[in-house]
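# Notes for the structure review
Residue strings, one per chain:
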Amino acid sequence: MTSFSAHWRAGSARTLMLAGLVGSSLAGAGTPLPLSQLLVEAERANPELAAARARVAAAEARISQAAALDDPMAEIGIVNAPLSPLSLRREDMTMQMIGLSQRFPFPGKRALRRDVAASDASSLVAAAGDTRDQILREITLNYEELAATDAELGVVTSLYSAVEDYLNVAEARFTVGSATQSDVLQAESQRVRLRQQQLELQRRRIEWQAALGQLTGRDSNSEAIIAMSQRLRAPPPPLAELIANSPQRPRAVSLTEDSARARKQIDLARREYYPDVDVKLNYGRRERALDNMPRDDMVSLTFGVNLPIWRKQRLQPQVAEARAMLAEKEAMLRGLQLETVAELTKRHAVASQARRSVTLYDTELLPAAEATVDSALASYRVGRVDFLTLLETRMRLFEAQMSRVSAVSEHNRARADIDYLAGRSWRGQEDVP
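Remember, it's a predicted structure, so these values are computed and weren't measured experimentally.

Turning our eyes to something else, we now look at the packing of aromatic side chains. A full pass over the atoms with the stated rule returns two aromatic pairs. Their ring planes at 20 degrees and their centres at 4.8 Å tell us that Phe-106 and Tyr-274 sit as a pair that is stacked. Separated by 168 residues along the polypeptide, Phe-106 in the loop between strand E2 (95-104) and helix H4 (109-175) and Tyr-274 in the loop between helix H7 (250-271) and strand E3 (277-285) bring together distant segments of the chain. Summarising the aromatic geometry, the rings of Tyr-380 and Phe-387 are spaced 5.6 Å apart at their centres and angled 65 degrees between planes, so their arrangement reads as edge-to-face. Exposure class is identical for Tyr-380 and Phe-387. Each is buried. Arg-249 extends its terminal NZ or CZ atom over the ring of Tyr-420, reaching a point 4.9 Å from the ring centre.

Structure, rendered in structure tokens:
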């Protein structure tokens, strides 16, 4: 039997050695980072968040611009000068003139323009919050996938060690003629398959690490992110509470501000029916007459208004445009509210079911499977069950352990979705590792 075992292992030795080297290089080394630290990194270094903050700053700078008066106009020139011959003294009305004019919008227009710009800035502030929550959600989902992959690697490694133990038992029993060669072959074959599964999980591990590096704004020279051990997060709040608070979701707040902006635009478009006022002040200096007699300087003050007579071509379409924009934003807000309620209901059901599954695995399925494996191993040692039965029993425990990892991951990912949909993403991180 010793020669047979050596012959079998020689066929797969190079593959297993290569797998071990690749696996150790992929696993990397480093200190596990809590999710909360990655969120702080993203807040500081994520380019998309930086762009959102810049848009907010630009919109806030437009508020004072919207309410500002137009620049005054200055004039300088000569008025009523005769051409033949050109003279500043021959005619009494010839003056060297300097003037200043200013347009004053009809009362209420400047305040409405400021309100429109302020609503736009408020909408962008909420949109930046939604961008932040989306990024937080993506980081949380990828972090949970990384933690689940590490947990699955642990389960696979545990099974790998168990199969090695079974192989030793099978070899010992075969040596004394109590087992067949197929027991050893099955153990070796299962061990190779598990090693291949480890490599696949390590590949997925790199994918989640790369995604987290991108979302947190890390460069390519940074260390790979190591997740903390997977654990079940706290259950989400009651569904009714989540639905009641969902209007505080930043995306809903942004659409609400867009609706307010559209209403103010309607008021502003209506106010355009009223004319603006131009005030013009001129000072005219007159030269002495030809007989050297002095002439008095002159001052003029005039008022002018624009005539908004092209209502059908310009003003009425402005009002219609603003009303259409308001209808669009209100419809979008209503659609978002319906979508939020539906998604919250679905994700809350997923989280509740996954949590019950984890409880079932912890209290019943896993203890029963572990006891069955212990019993099967003891029976195999004395020849009461065959190796295939032992292996199938251990595989059922393996499947239960992997299912528990999936259930925890599903619960945590659903919780991240719920926090995002309910507008409580940052408050929902109180229980993260």
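With that settled, consider the nonpolar core. Grouped together as the largest cluster of nonpolar side chains are 32 residues, with contacts concentrated most on Tyr-166, Phe-387, Leu-390 and Phe-398. Among the secondary structure elements, those contributing two or more residues to this core are H4, helix H5 (181-215), helix H8 (311-381) and helix H9 (387-421). Top element by residues in this core is H4. It accounts for 12 residues. Leu-38, Leu-212, Leu-215 and Ala-227 belong to the second largest nonpolar core, which has 16 residues in total.

Under the counting rule described, the total for this entry stands at 26 salt bridges. Among the ionic pairs, Glu-75 bridges to Lys-280, the shortest N-O distance being 3.0 Å. Placement of Glu-75 in strand E1 (residues 73-79) and of Lys-280 in strand E3 is noted, with a sequence separation of 205 residues between them. Glu-75 sits in the partly exposed class, given a relative accessible area of 30%. Here Asp-419 and Arg-233 are joined by a salt bridge, their closest N and O atoms 3.4 Å apart. One end of the pair, Asp-419, is in helix H9; the other, Arg-233, is in the loop between H5 and helix H6 (239-245), and 186 residues separate them in sequence. You'll find Asp-419 and Arg-233 in the same group, each marked buried. Because the salt bridges share partners, they merge into one network encompassing Lys-109, Arg-113, Glu-272 and Asp-276.

A positive phi angle, close to 60 degrees, is found at Asn-80, a residue other than glycine. Within the fold, Asn-80 resides in the loop between E1 and E2. For Asn-80, a relative accessible area of 47% corresponds to the partly exposed category.

Pairing within the open sheet is antiparallel, and its four strands lie in the order E1-E2-E3-E4. With partners counted over all chains shown, the strands left at the sheet margins are E1 and strand E4 (298-305), one partner each. The average angle at which neighbouring strand axes cross in this sheet is 20 degrees, direction not considered. The sheet contact formed by E2 and E3 spans nine bridges and is antiparallel. Counted as the bridge partner of Arg-103 is Asp-278 from E3.

Bringing H5 into the picture now. The end-to-end C-alpha distance of H5 is 52 Å, a good match for the 51 Å that 35 residues give at a rise of 1.5 Å each. Note on H5: the residue one or two positions beyond its end, Gly-217, has a positive phi of about 75 degrees.

This brings us to the side chain of Ser-259. Relative to the helices and strands, Ser-259 resides in helix H7. Judged by relative accessible area, Ser-259 falls into the buried class, the value being 3%. If we skip the residues at most four places from it in the chain, Ser-259 touches Leu-326, Lys-329 and Glu-330.

Residues Ile-76, Ile-98, Leu-281, Tyr-283, Val-299, Leu-301 and Phe-303 make up a contiguous nonpolar surface patch of about 780 Å² in total accessible area. For the nonpolar patch, the element with the highest residue contribution is E4, accounting for three residues.

Let us now look at the packing of H4 against H9. Between H4 and H9, the least distance of the axes is 9 Å, while the angle of their chain directions is 170 degrees. Relative to H9, the element H4 is oriented roughly antiparallel.

Along its 22 residues, H7 runs 31 Å from first to last C-alpha, staying within 8% of the 32 Å computed at 1.5 Å per residue. What H7 keeps buried is the set Pro-250, Ala-252, Ser-254, Leu-255, Asp-258, Ser-259, Ala-260, Ala-262, Gln-265, Ile-266, Leu-268 and Ala-269.

Moving on: the confidence of the model for the chain. For the chain, the mean per-residue pLDDT works out to 86, and 90% of the residues sit at or above 70. Between residues 1-28, whose pLDDT stays under 50, and residues either more than four places distant or in other chains, the model counts 33 contacts.

Two numbers describe a pair of packed helices, the interaxial angle and the distance between the axes. At a closest axis distance of 8 Å, the pairing of H4 and H7 adopts a crossing angle of 165 degrees. Accordingly, the angle class assigned to the pair H4 and H7 is roughly antiparallel. The hand of the H4/H7 crossing is left-handed. The residue makeup of the contact of H4 with H7, split by class, is eight nonpolar, six polar and 13 charged.

Parameters and conventions
- Residues numbered from 1 in each chain as written.
- Predicted model: local features only at pLDDT ≥ 70, side-chain atom pairs only at ≥ 80, totals over all residues.
- Heavy atoms only, no water.
- Phe/Tyr/Trp six-rings, centres within 6.5 Å; stacked < 30°, edge-to-face > 60°.
- Helix = DSSP H or I, 4+ residues; strand = E, 2+ residues; numbered from the N terminus.
- Buried < 20%, exposed > 50% of the residue type's maximum accessible area, 1.4 Å probe, protein only.
- Lys NZ or Arg CZ within 6 Å of the ring centre and 35° of its normal.
- Core = buried A, V, L, I, M, F, W, Y, C linked by side-chain atoms within 4.5 Å.
- Salt bridge = Lys/Arg side-chain N within 4 Å of Asp/Glu carboxyl O.
- Pairing = 2+ DSSP bridges.
- Axes fitted to C-alpha atoms, helices over the stretch in contact; angles between N-to-C directions.
- Expected span 1.5 Å × (residues − 1).
- Contact = heavy atoms within 4.5 Å.
- Patch = residues over 30% accessible without salt bridge, like charges linked within 9 Å, V, L, I, M, F, W, Y side chains within 5 Å.
- Areas by Shrake-Rupley, 256 points an atom, 1.4 Å probe, with all protein chains shown as cover.
- Parallel < 35°, antiparallel > 145°, perpendicular 65-115°, else oblique.
- pLDDT = per-residue confidence, 0-100.
- Left-handed = near helix turned anticlockwise from the far one by under 90°.
- Nonpolar A, V, L, I, M, F, W, Y, C, P; charged D, E, K, R; others polar.

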